[in-house]
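Now for the letters of each chain:
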Amino acid sequence: MISFDQNGNLEAGFDIINWITFPNLSVHRVKVGKFDLRAPTDEVFSISVDAIRWPKTFNQTQPLSLCNEPCHKGHSKSKKEGKPFCCYNCLPCPKGKVSNQMDKDFCYQCPEDHYPSKAQDQCIPKEISFLSFQEPLGITLTIVALLFSSITVLVLAVFIQHKGTPIVKANNRGLSYTLLVSLLLSFLCPLLFIGRPQRATCLLRQTAFGIIFSLAVSCVVAKTLTVVLAFMATRPSSQMRSWVGKRLALFMVPSCFLVQTTLCIVWLMSSPPFPDLDMHSLPTEMVLECNEGSDAMFYCMLGFIGLLAKISFTVAFLGRKLPDTFNEAKFITLSMLLFCSVWISFVPAYQSTKGKYMVAVEIFTILASSAGLLILIFSPKVYIILIRPELNNRQQLIRKIRIN
């Protein structure tokens, strides 16, 4: 029996009964819940869903108390002010977050090693990215490096085979050999930058590049000073005679090599490079790279190479008008101009790229600057040795000097 007060409200409560009809048409009543106003607030209405027995032919779903369509994946619910709880807006997930279920109250952030799908309804694992030997960019850079290495070996073989000729002697054989060997190592150095970064390659690649390049540029500086001092020392009373030749090379090259080596040793001892996984630079990839450890030491190493290049360019530019039969000054000026232009462009390009393309920019810079030195300094000499051997004689040198 249910009773109401004068306002039409229930005075007590009622039981919720499940009527079960059997095949023989008998009926059984099962109490599955109750509604009791005298009970505590959280127990006013209670029902046992498991106790309810539905007919086998019943195939309807329970009704939903909604005043709008459910929110799809990639969206979250937002309550409508002044509306019942079942009414809400569906808002797209913010950038970087996902919702992988219907009617989610909020969107969640993907883990660091995942990224949101385009529909923002699932998290997709990020792929590990690095410049490998198997991809087209890595293959191309490797072929270019090996090609220029082979050319350098051929030029060195030509110089050794013609070591007794005036053009090889006039341009300081020892410095030329050292420069060619250092350029050969410079062309091979980018191979350390390609492939999966390991602890050993991370420790070696920047330091090896810095030491080898400083050796190459110091040879260019010594060759430039040798050319200029040689023409300044033609006067009998000149004090420059004692510095022309091997003495200058023996001082300049080891000194620059020692300074750069010391910088690299300090770098390795204080804050050495190490393999690192960058999860944030690219949205869909994890970049496996070599963390330089200390950016300050990296740019100090580059700065020292730049200082040597500036000295070489300045001296070569001042001596560009000297007698030019075997004079390297004008070719060194061009090579240093190209060298400096490439490395000045490298800094903003290196800072603006991410991932494996940052490594590719540095490799391209190394190859371009090394190729500039090889082509602009040695191609005129190889041309005279192989194509115009009649110019490769002492009389031609003396005649040109007298004319100038």
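Rules used in this analysis
Residues numbered from 1 in each chain as written. Predicted model: local features only at pLDDT ≥ 70, side-chain atom pairs only at ≥ 80, totals over all residues. Heavy atoms only, no water. UniProt positions renumbered as here; feature names shortened; annotations may be inferred. Axes fitted to C-alpha atoms, helices over the stretch in contact; angles between N-to-C directions. Helix = DSSP H or I, 4+ residues; strand = E, 2+ residues; numbered from the N terminus. Parallel < 35°, antiparallel > 145°, perpendicular 65-115°, else oblique. Left-handed = near helix turned anticlockwise from the far one by under 90°. Contact = heavy atoms within 4.5 Å. Nonpolar A, V, L, I, M, F, W, Y, C, P; charged D, E, K, R; others polar. Salt bridge = Lys/Arg side-chain N within 4 Å of Asp/Glu carboxyl O. Buried < 20%, exposed > 50% of the residue type's maximum accessible area, 1.4 Å probe, protein only. Disulfide = S-S within 2.5 Å. 1 Å grid on protein atoms, 1.4 Å probe; cavity = no way out; pocket = protein on both sides within 12 Å on 5 of 7 lines; lining within 4 Å. Points joined across faces, edges and corners; volume = space filled by probe spheres on them. Lys, Arg positive; Asp, Glu negative; His and termini not counted. Polar contact = N/O pair within 3.5 Å; in protein donor to acceptor, adjacent residues only side chain to side chain. Pairing = 2+ DSSP bridges.

Under an unreviewed UniProt entry, the protein has the name Vomeronasal type-2 receptor 26-like and belongs to Pantherophis guttatus. Here the protein is described in UniProt, under the heading Subcellular location (unreviewed entry), as follows: "Membrane".

(A) Representation of the packing of helix α1 (residues 136-161) against helix α3 (residues 173-188) in the model. Close contact between α1 and α3 brings their axes to 8 Å; oriented N to C, the two are set at 165°. Taken as axis vectors, α1 and α3 run roughly antiparallel relative to one another. Crossing of α1 against α3: the hand is left-handed. In this structure, α1 uses Ala145, Leu146, Phe148, Ser149, Thr152, Val153, Val155, Leu156, Phe159 and Ile160 to contact α3, whose residues at the interface are Ser176, Tyr177, Leu180, Val181, Leu183, Leu184, Phe187 and Leu188. When grouped by side-chain class, the residues that make up the contact of α1 with α3 number 15 nonpolar, 3 polar and no charged.

(B) Just the pattern of salt bridges, in detail. Scanning all chains against the criterion turns up 2 salt bridges. Across the pair Asp105 and Lys77 runs a salt bridge, and its minimum N-O distance is 3.3 Å. Residue Asp105 is located in the loop between β6 (97-98) and β7 (108-109), and its partner Lys77 is located in strand β4 (residues 75-79); the two are separated by 28 residues in the primary sequence. Between Glu135 and Lys356 there is a salt bridge; the shortest N-O distance is 3.0 Å. One end of the pair, Glu135, is in the loop between β10 (127-129) and α1; the other, Lys356, is in helix α8 (residues 356-386), and 221 residues separate them in sequence. The class of Glu135 is buried, set by a relative accessible area of 15%. The exposure class of Lys356 is buried, given its relative accessible area of 17%.

(C) Region of the structure containing the packing of α3 against α8. Packing of α3 against α8 brings their axes to within 10 Å, and their N-to-C directions diverge by 150°. Comparing their axes, α8 and α3 come out roughly antiparallel. When you trace α3 past α8, the crossing you get is left-handed. Across the interface between the two elements, Ser176, Leu179, Leu180, Leu183, Ser186 and Phe187 from α3 touch Ile366, Leu367, Ser370, Ala371, Leu373, Leu374, Ile377 and Phe378 from α8. When grouped by side-chain class, the residues that make up the contact of α3 with α8 number 11 nonpolar, 3 polar and no charged.

(D) Geometry of the state of the cysteines. This structure, assessed with the given rule, holds 4 disulfides. There is a disulfide in this structure between Cys93 and Cys107, and the S-S distance comes to 2.0 Å. Between Cys93 and Cys107 the sulfur-sulfur dihedral comes to about -80°; the bridge is accordingly left-handed. Placement of the pair is Cys93 in the loop between β5 (88-92) and β6 and Cys107 in the loop between β6 and β7, with a sequence separation of 14 residues.

(E) Focus on empty space enclosed by the protein. Evaluation of the coordinates by the stated rule reveals 1 cavity of 30 Å³ or more. Here the largest cavity is characterised by a volume of approximately 70 Å³. Around the largest cavity, the lining comprises 13 residues; the ones closest to its centre are Phe130, Leu131, Pro197, Leu288 and Val359. Listed by contribution, the elements that provide at least two residues to the lining of the largest cavity are β12 (285-291) and α8. The greatest single-element share of the lining of the largest cavity, amounting to 3 residues, is contributed by β12. Residue composition of the lining of the largest cavity, grouped by class: 7 nonpolar, 3 polar and 3 charged.

(F) The arrangement of the side chain of Glu292 in detail. Its place among the elements puts Glu292 in the loop between β12 and α6 (295-318). An unpaired buried charge is present at Glu292: no salt bridge exists, and Arg205, the closest side chain of opposite charge, is 4.9 Å distant. A distance of 3.2 Å separates the side chain of Glu292 from the side chain of Gln206, its partner in a polar contact. When neighbours within four sequence positions are excluded, Glu292 is seen to be in contact with Gln206, Trp267, Ser271, Pro272, Pro273 and Tyr350.

(G) Fine view of the sheet that holds β10. In space, the 3 strands of this open sheet follow the order β10-β12-β11, with mixed pairing throughout. Two strands lie at the open edges of the sheet, namely β10 and β11 (274-278), each paired on one side alone. Across the sheet, the mean angle from the axis of one strand to that of its neighbour is 30°, orientation sign disregarded. Bridging between β10 and β12 involves 3 bridges; their strand directions are parallel. Paired with Ser129 across the bridge in β12 is Val287.

(H) Structural detail: unusual backbone geometry. Phi at Asp103 takes a positive value of approximately 55°, unusual for a residue other than glycine. Mapped onto the secondary structure, Asp103 falls in the loop between β6 and β7. For Gln120, which is not glycine, the phi torsion reads 55° and is therefore positive. Assignment of secondary structure puts Gln120 in the loop between β8 (114-116) and β9 (123-125). The class of Gln120 is buried, set by a relative accessible area of 18%.

(I) Broad picture of the sheet that holds strand β1 (residues 13-21). In space, the 3 strands of this open sheet follow the order β1-β2-β3, with antiparallel pairing throughout. Strand pairing shows two members of the sheet lacking a second neighbour, β1 and β3 (45-47), which therefore form its edges. The mean angle between the axes of side-by-side strands here comes to 30°, regardless of whether they run parallel or antiparallel. The sheet contact formed by strand β2 (residues 27-36) and β3 spans 3 bridges and is antiparallel.

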